[in-house]
Structures are given as structure tokens and as C-alpha cells.
Amino acid sequence: MKLAAEFIELLPTELRNLVTIEHTQIAEFHWFNLVSEKNESLISDRVFTGFDKDIDTAFSRAVSEMVERKSFSSGKNAKLRSCATQRSDGFAAFPISSDLKLAAQKARDNALNEAIERYAWATWWDQHQIEYIHEKYSTQEFCNNFRCLKKLFIELNQKLEFDSIHLIEPGIHDSDKKLIITVAEFNGGVVTGGACDDKDKSETILVRAFSELLRHALVVIQNKQRPTHLSDYEKRLLFFASETGKCSFYKRISQNGTLKIKLPPLETDTQVPSNKTHYVHRCLFQNQPPFIDENFERMCL
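Residues numbered from 1 in each chain as written. Predicted model: local features only at pLDDT ≥ 70, side-chain atom pairs only at ≥ 80, totals over all residues. Heavy atoms only, no water.

Caption draft 1: Structural context of the sheet that holds strand S5 (residues 132-138). Spatial strand order, S5-S6-S7-S8: four strands in an open sheet with antiparallel pairing. The open sheet terminates on both sides in strands that have one partner only, identified here as S5 and strand S8 (189-198). Sheet twist, expressed as the average angle between the axes of neighbouring strands with direction ignored, equals 20°. As paired strands, strand S6 (residues 162-170) and strand S7 (residues 177-186) are joined by six bridges and run antiparallel to one another. When the bridges of S7 are listed, Ile-165 appears paired with Ala-184. Those strands touched by helix H6 (residues 202-223) are S6, S7 and S8, and its axis lies near 150° from that of S8. The strands touched by helix H8 (residues 243-253) within the sheet are S5, S6, S7 and S8, with S6 carrying the most contacts at an inclination of about 40°. (Pairing = 2+ DSSP bridges. Helix = DSSP H or I, 4+ residues; strand = E, 2+ residues; numbered from the N terminus. Axes fitted to C-alpha atoms, helices over the stretch in contact; angles between N-to-C directions. Contact = heavy atoms within 4.5 Å.)

Below, the structure is given as C-alpha cells:
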């Protein structure tokens, strides 16, 4: 396994002195945090995360997230139209390596997937007439049905002791994409994660959604011991990790509609200036609803 010093050498030159590398292995998955400013938060604008079974892929994803945020910040400062928003929803970076055309396609695909994930999730939560598929599993049923996540789930379950897992798939009209929202219920609340990709990549979507859930679960565990100086993101996580938040979730899933989500045209679909190592793209829909705002009772995470 590579040492931290070896991973530092893989960073773009201009980033090598700007971050601290943190690596954790959870079950068979690797989790990297690139921390540009030390703080107590696991989720902030200065912590960039990558997660995968392959250690190099996990590190590459953390670097890509850092490049995305820096491109958004630089573009916002330069008053680029593609960056004229509060948050960096719909951004994706992909390493160029030796194939610019492949990097451009991958970055665009990933940007579109994130834009759809956030549009569809927010629309499903806000509009109760949207139809969706809902499956609920006991912890044993979940392990039996999704063996790709069994070891990770067992390790995480030791920390929060889940009662059940909910999988929610909002209906999206005339689309080859699928969004899976994972909701883990425990004594005291719920914790979530979601991901979107092509319909034929269900296992990939579920692993990515559960990696987000894992990240959120660790924030909940950490912040139960550190209840002050929380970011808005962390406050929302802790709201749903409460009985009140759990009741809000159950109120939403008590209603199912008959309408599918209709994705509007893309308002932004463009390359964003970046460094020489990564291609960055942004996709954002017309009238895209806010994914994370000041309303902590919206389960968009």
C-alpha cells in the first residue's frame, strides 16, 4: 500500500503544499480526505473526499473533488456565468491523463448525473404527487440482497446499530437514468445518501449512494460528541438523525403520487476552466431547485 508521501507526488503540482492527506480503510473500501484547512468537520468546503474499493481510484476521486471546488471558486471570482450560483451542484472533474476526449466525456457524464440526482431528489421531496418505488429491508435482508456492501454495512452497523434500510427510486420521465436514495433508520433518527447513473448500473449507483450514507453516518457519530460550531450541512444531518427528523421522513413516504419527474432543458452545459491535469464540466437544469438551503427540514443531502 502506498504511503502518504507517495500520494502527495500524485497531486497536481500547484496543490501539493495546500493539503493534508488522510486515509482510512473501512471494510474493503478506501476513504481519502484531502484537507486544505484543518477543522473539526468531516464535511466542509475545505475537505475533499474520495471513496472506492481501489485505493488509487479513491484518491483520484478526492483530487477531482478538490479540482471541482477550486474551479467553481475561481470561476465565481471571475464572474463566469457558469459559476454564478451559491453552490457547486452539477460540477464534475475528470483526470485528463493522455486522453482529453475521454476526460471530457466522463466529466460531462458525471456532471449530468449529479445535476439529475439533485434535481430529482429535491423534486421528489418537495412535490408529494411524484411517484416512486420504495423498498424496506431489515439489516439481515439488506446484507443478503446486496452482498457487495455486506462487509461495509456490518462495520458501520456496529457504530449506529441500524434497524432497517430504505431504498427509494423516484420516477423520472423518459430518462435512461436512475436515482437511488438510501435511508438507514436507527434508534433516534435516519441518515441518507444518494446517487444517480445509467439504469443498467444499479450496483454502481447503490455503492456510491451508500458511500455518501457512510460519510453522513460518521458525521452524525462525530457530532453527537461535538454539538457546537456546526455547519448548515451538519445541522441538517443532525436534524434527520433525530426523532423529529425521522417523523418528517415517515410523513414523506406515507404519500406516493402518480406523476413522474420531467427533467427540464439544461441551462448550463459547458466546460469550466481548470488546471492542466483535469477537465471540468458543469450541468445545471433550468429552474433547478436548491438542493441544500437554509430549511433544515428538507431531506436533501
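Moving on, there is more to tell.
Caption draft 2: Main features of the side chain of Lys-178. Within the fold, Lys-178 resides in strand S7. At 4.2 Å, Glu-169 is the nearest oppositely charged side chain to Lys-178, a buried residue that forms no salt bridge. Within the local environment of Lys-178, its side chain forms a polar contact with the side chain of Ser-202, the two groups lying 2.6 Å apart. Here Lys-178 is in contact with Glu-169, Ala-195, Cys-196, Asp-197, Lys-199, Ser-202 and Ile-205, once residues within four sequence places are set aside. (Buried < 20%, exposed > 50% of the residue type's maximum accessible area, 1.4 Å probe, protein only. Lys, Arg positive; Asp, Glu negative; His and termini not counted. Salt bridge = Lys/Arg side-chain N within 4 Å of Asp/Glu carboxyl O. Polar contact = N/O pair within 3.5 Å; in protein donor to acceptor, adjacent residues only side chain to side chain.)

Caption draft 3: Quick peek at the state of the cysteines. Applying the stated criterion across every chain, the model contains zero disulfides. The thiol of Cys-83 is not disulfide-bonded; the next cysteine sulfur, from Cys-283, is found 13 Å away. Overall, the relative accessible area of 0% leaves Cys-83 in the buried class. Note on Cys-283: no disulfide assigned, nearest cysteine sulfur contributed by Cys-196 at a separation of 11 Å. (Disulfide = S-S within 2.5 Å.)

Caption draft 4: Structural view of the layout of surface pockets. Estimated volume of the second largest pocket: approximately 300 Å³. Forming the walls of the second largest pocket are 14 residues, and the residues nearest its centre are Gln-86, Arg-87, Asp-89, Pro-290 and Ile-292. Here the lining of the second largest pocket is composed, by residue class, of five nonpolar, three polar and six charged. (1 Å grid on protein atoms, 1.4 Å probe; cavity = no way out; pocket = protein on both sides within 12 Å on 5 of 7 lines; lining within 4 Å. Points joined across faces, edges and corners; volume = space filled by probe spheres on them. Nonpolar A, V, L, I, M, F, W, Y, C, P; charged D, E, K, R; others polar.)

Caption draft 5: Just the pattern of salt bridges, in detail. For the structure shown, the criterion picks out eleven salt bridges. One salt bridge connects Lys-177 with Asp-198, and the closest N-O pair in it is separated by 2.7 Å. On the criterion of sequence distance, the pair formed by Lys-177 in strand S7 and Asp-198 in strand S8 is long-range, its members being 21 residues apart. Overall, Lys-177 belongs to the buried group, its relative accessible area being 11%.

Caption draft 6: Structural view of the sheet that holds strand S1 (residues 20-26). Read across the open sheet, the three strands follow the order S1-S2-S3; overall the sheet is antiparallel. Of all the strands in the sheet, the pair left with one neighbour each is S1 and strand S3 (47-52). Direction aside, the axes of adjacent strands within the sheet are offset by 15° on average. Direction of pairing for S1 relative to strand S2 (residues 29-35): antiparallel, over a ladder of seven bridges. Across the sheet, Ile-26 pairs through a bridge with Phe-29, a residue of S2.

Caption draft 7: Looking closely at helix H5 (residues 150-160). Residues Leu-152, Phe-153, Leu-156 and Leu-160 constitute the buried set of H5. Down the axis of H5, the buried side of the element spans an arc of 95°, and every buried residue falls inside it. Exposed and facing more than 90 degrees away from the buried side of H5 are Lys-151 and Gln-158. At the exit of H5 stands Glu-161, carrying a positive phi of roughly 55°. (Arc of directions from axis to C-beta.)

Caption draft 8: Spatial organisation of the nonpolar core. Core analysis: the largest hydrophobic core is formed by 34 residues, its most contacted members being Trp-121, Trp-124, Ile-168, Ile-181, Val-183, Phe-249 and Met-299. Of all the secondary structure elements, the ones that give two or more residues to this core are helix H3 (100-126), S7, S8, helix H7 (232-240), H8 and strand S10 (278-285). Per-element tally for this core: the top contributor is H3, with ten residues. Counting residues in each nonpolar core, the second largest holds 33 residues, with Phe-146, Val-207, Phe-210 and Val-220 among its members. (Core = buried A, V, L, I, M, F, W, Y, C linked by side-chain atoms within 4.5 Å.)

Caption draft 9: How the structure looks around the packing of H5 against H6. For the pair H5 and H6, interaxial distance at closest approach is 11 Å and the crossing angle is 20°. Relative to H6, the element H5 is oriented roughly parallel. Remark: the crossing between H5 and H6 carries left-handed chirality. For the pair formed by H5 and H6, the contact residues are Leu-152, Phe-153, Leu-156, Lys-159 and Leu-160 on the first element and Phe-210, Leu-213, Leu-214, Ala-217, Leu-218 and Ile-221 on the second. (Parallel < 35°, antiparallel > 145°, perpendicular 65-115°, else oblique. Left-handed = near helix turned anticlockwise from the far one by under 90°.)

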